[in-house]
Amino acid sequence: MAHHNSNSYYELIRLNKEVSLLDSCSAVLGWDERTYMPRGGAAHRAEQRALLAGMVHERATDPVVGELLSELEASETPGEDPSEGEVNTREIRRGYDKMVKLPRELVEEMARVTSLAEQAWEEARAQSDFNHFLPHLESVVRLKREEAAALEVGDTEYDALLDWYEPGENAENLSRVLGALREELVPLVGAIVESGITPNRSVLKGNFPVEGQEAFGKAAAEAIGFDFERGRLDVTVHPFCTGIGLGDTRITTRYDSGFFPQAFFGILHEAGHGLYEQGLNADHAGTPMGETTSLGIHESQSRMWENLVGRSRSFWSHFFPALKDEFGMEGIDLDDFYFAINDVKTSLIRVEADEATYNLHILLRFELEQALISGDLPARDLPDVWNETFKRFFGLVPPDNAQGCLQDVHWSAGLIGYFPTYSLGNLYAAQFFEQAREDLGDLDTQFGQGEFSPLKDWLVDKIHLQGMRYPAPVLVEKVTGQPLSHKPLMDHLRNKYGPLYGI
């Protein structure tokens, strides 16, 4: 960073931090909307969020920001490893160029429409009534297509939307990586189903009082490093994690008092996201160096703690005695429990899918949302096309739309281009975890002794503290020495399921 421009740089950072603060106000409103807001508050909340979105947009696109950026860029010669200042300038520029292309009216309308659409989706899902949601979905798709056309990023409108969540990624590359995964995954799932071996799932059912589940889930989240002095856990319809700002990271789950895994793995998953938010560099709060890289990398953190750690035998050799004490699960054996939480079967609901079939749920959505945005799939035809595609992928047909095309919140929230980041998360998680094993030695022994800090500290160092220094594809190469590949995930799945299913 050239010295004579330091005043411009400080001014740019000051303005960016203000935008970041306004954004965090909106995050509080979004969290409240999904946890405690009464139904009747929906219309008013939509207006609040629209106003804030407009204010954020106005500040983020202030011509002064553009002038400061141009001034700073003129004096820079970025090298191989960008400095913190260069990273902030580069990423603020990236955001600025995108925001400038979006009219304020469109941004406000999007906030208003999605706020109402989320409420309508919740009602539609409860009644399995697609027609109640259809006009809202049509509005969201229309606005997202307008947004994509305005952004002009990538080769297709879909690429422009994907770029919000996974900078530098495109649908063509994703189709290639996910296609390679699907080639190997489908036969593996087939072999498991055909093995005729099934665990005794009844060990996961019983009487699990919600208070006990909450206490046990919080203890596990704390054990892996989630800090409840700087975070909290609440209940919602569709679990999420939101980083409101420095010192305030909120996670949510949903409980089923007759079935243990739903809330527990929900808590572990969201705590994994929360660890990333809590592990960011506090000195860079409100700037790109203190923000998460991409949604795929974010998801890699939640998937790692939920699946690679939380569904491992070593994790449960540590936690199982406490679980039996808490819920009086006499006569249940660790091996039976371990097999039950790693059961593979084709199912209707993405969030309840096992590690092996989960990515097929994502491939389905990736296909359909590309078609929605290109205009090949009119929103009104979604239920039929969803069911046909589901039958092709899973050999099942959803009995109703609540268990079909209405099961996810994302499209109502305007999050189109978001789904593929879940599969990226699984791929990145396996690749990072393989490297962590190499760097940290015997992780299984550590987990069995309840030692999770070596892995957590490794992730903080390699990923969390890096902020947005490297785009996701570069970060994965920096950490693992390899470009993104489907192989570590397939190796992990084969190593786990081979012994369980005798394949």
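Summarised in this report is the structure supplied together with it. (Residues numbered from 1 in each chain as written. Predicted model: local features only at pLDDT ≥ 70, side-chain atom pairs only at ≥ 80, totals over all residues. Heavy atoms only, no water.)

1. Observations concerning the overall build of the protein chain
Here's step 1: Scanning the protein chain from N- to C-terminus turns up 20 helices and three strands.
Here's step 2: Summarising its shape, the C-alpha atoms of the protein chain cover approximately 70 × 50 × 45 Å along the three principal directions.
Here's step 3: Expressed as a percentage of the 503 residues in the protein chain, the buried residues total 57%.
Here's step 4: Long-range contacts, defined here as pairs at least 24 residues apart, represent 73% of the contacts in the protein chain between residues at least 6 apart.
Here's step 5: Within the protein chain, the 81 negative side-chain charges are centred at a point lying 2 Å from the centre of the 45 positive side-chain charges. (Helix = DSSP H or I, 4+ residues; strand = E, 2+ residues; numbered from the N terminus. Buried < 20%, exposed > 50% of the residue type's maximum accessible area, 1.4 Å probe, protein only. Contact = heavy atoms within 4.5 Å. Lys, Arg positive; Asp, Glu negative; His and termini not counted. Charge placed at Lys NZ, Arg CZ, Asp CG, Glu CD.)

2. A look at the packing of aromatic side chains
Here's step 1: Here the structure, examined in full by the defined rule, presents 37 aromatic pairs.
Here's step 2: Note that R311 overlies the ring of F265, its terminal NZ or CZ placed 3.8 Å from the centroid. (Phe/Tyr/Trp six-rings, centres within 6.5 Å; stacked < 30°, edge-to-face > 60°. Lys NZ or Arg CZ within 6 Å of the ring centre and 35° of its normal.)

3. With respect to empty space enclosed by the protein
Here's step 1: This model, assessed by the stated rule, comprises two cavities of 30 Å³ or more.
Here's step 2: Reported here for the largest cavity is a volume of approximately 60 Å³.
Here's step 3: Those elements that provide at least two residues to the lining of the largest cavity are α11 (295–309) and α16 (420–440).
Here's step 4: Here the lining of the largest cavity is built from residues that sort into four nonpolar, three polar and two charged.
Here's step 5: Roughly 50 Å³ of internal volume is contained in the second largest cavity.
Here's step 6: In this structure, the second largest cavity is lined by R34, E118, W121, E122, T236, V237, H238 and V409.
Here's step 7: Sorting elements by how many residues they give to the lining of the second largest cavity places helix α5 (residues 104–127) first, with three residues.
Here's step 8: Split into classes, the residues belonging to the lining of the second largest cavity amount to three nonpolar, two polar and three charged. (1 Å grid on protein atoms, 1.4 Å probe; cavity = no way out; pocket = protein on both sides within 12 Å on 5 of 7 lines; lining within 4 Å. Points joined across faces, edges and corners; volume = space filled by probe spheres on them. Nonpolar A, V, L, I, M, F, W, Y, C, P; charged D, E, K, R; others polar.)

4. A short note on the pairing of strand β3 (residues 248–253)
Here's step 1: When you tally the buried positions in β3, you get five out of six residues, the bulk of the element.
Here's step 2: Both strand β1 (residues 231–235) and β3 contribute to a ladder of five bridges, which runs parallel. By the bridge assignment for β3, V235 is matched with T253.
Here's step 3: In the sheet, strand β2 (residues 241–245) pairs with β3 via four bridges, with the strands oriented antiparallel. Each residue of the ladder has a partner; that of G245, found in β3, is D248.
Here's step 4: Counting the residues between successive antiparallel strands, the hairpin from β2 to β3 contains two residues, one of them, G247, with a positive phi of roughly 85°. (Pairing = 2+ DSSP bridges.)

5. Observations concerning the environment of Q431
Here's step 1: Among the secondary structure elements, Q431 is positioned in helix α16.
Here's step 2: Along the sequence, Q431 and H132 sit 299 residues apart, while their C-alpha atoms lie 42 Å from each other.
Here's step 3: The residues touching Q431, leaving out its near neighbours within four places in the chain, are V476, T480, Q482, P483, L484, S485 and P488.

6. What about the packing of helix α2 (residues 42–60) against α5?
Here's step 1: α5 packs onto α2 with a crossing angle of 150° between their chain directions and a minimal axis gap of 8 Å. If you check the angle between α2 and α5, you find them roughly antiparallel. You can see that α2 and α5 cross each other, and the crossing is right-handed.
Here's step 2: Tallied by class, the residues present in the contact of α2 with α5 amount to 10 nonpolar, four polar and seven charged. (Axes fitted to C-alpha atoms, helices over the stretch in contact; angles between N-to-C directions. Parallel < 35°, antiparallel > 145°, perpendicular 65-115°, else oblique. Left-handed = near helix turned anticlockwise from the far one by under 90°.)

7. Let's talk about the packing of helix α3 (residues 63–74) against helix α4 (residues 84–101)
Here's step 1: α4 packs onto α3 with a crossing angle of 140° between their chain directions and a minimal axis gap of 10 Å. Comparing the axis directions of α3 and α4 gives the class oblique. The two elements α3 and α4 cross, and the hand of that crossing is left-handed. In this structure, α3 contributes P63, V65, G66, L69, S70, L72 and E73 to the contact, and α4 contributes T89, I92, R93 and Y96.
Here's step 2: Its residues assigned to classes, the contact of α3 with α4 shows six nonpolar, three polar and two charged.

8. What to know about the sheet that holds β3
Here's step 1: Pairing is mixed in the open sheet, where three strands are placed in the order β1-β3-β2. Two strands bound the open sheet, and with one partner strand each, they are β1 and β2. Between one strand axis and the next, the sheet turns by 20° as a mean value, whatever way the strands run.
Here's step 2: Packed on one face of the sheet, helix α10 (residues 261–279) meets β1, β2 and β3 and runs near 165° to β3.

9. Things to note about the layout of surface pockets
Here's step 1: Of the pockets and cavities examined, the second largest pocket occupies roughly 370 Å³.
Here's step 2: The wall of the second largest pocket is formed by 18 residues, among which F433, R437, H492, N495 and K496 lie closest to the centre.
Here's step 3: Mapped by element, the contributors of at least two residues to the lining of the second largest pocket are α11, α16, α17 (443–448) and α20 (487–501).
Here's step 4: Examining the composition of the lining of the second largest pocket, we find that seven residues originate from one element, α20, more than from any other.
Here's step 5: Classifying every residue of the lining of the second largest pocket gives eight nonpolar, five polar and five charged.

10. So, the environment of R59
Here's step 1: Along the chain, the position of R59 falls in helix α2.
Here's step 2: The partly exposed category is assigned to R59, whose relative accessible area is 40%.
Here's step 3: In the structure, R59 is positioned 44 residues away from L15 in sequence and 7.8 Å away in space, judged by C-alpha atoms.
Here's step 4: When residues no more than four places from it in sequence are discounted, the contact partners of R59 are E18, V19, L22 and V65.

11. What to know about unusual backbone geometry
Here's step 1: The residue S128 is not glycine, and still its phi comes out positive at about 50°.
Here's step 2: Here S128 is to be found in the loop between α5 and α6 (130–151).
Here's step 3: For E152, which is not glycine, the phi dihedral falls at a positive 50°.
Here's step 4: With a relative accessible area of 62%, E152 lands in the exposed category.

12. Description of helix α19 (residues 472–480)
Here's step 1: Regarding α19, the residues found buried are A472, L475, V476, V479 and T480. For α19, the angular spread of buried residues about the axis comes to 105°, placing them on one side.
Here's step 2: Close packing links the buried residues of α19 with α11, α16 and α18 (453–462).
Here's step 3: Just beyond α19, the residue with positive phi is G481, at close to 75°. (Arc of directions from axis to C-beta.)

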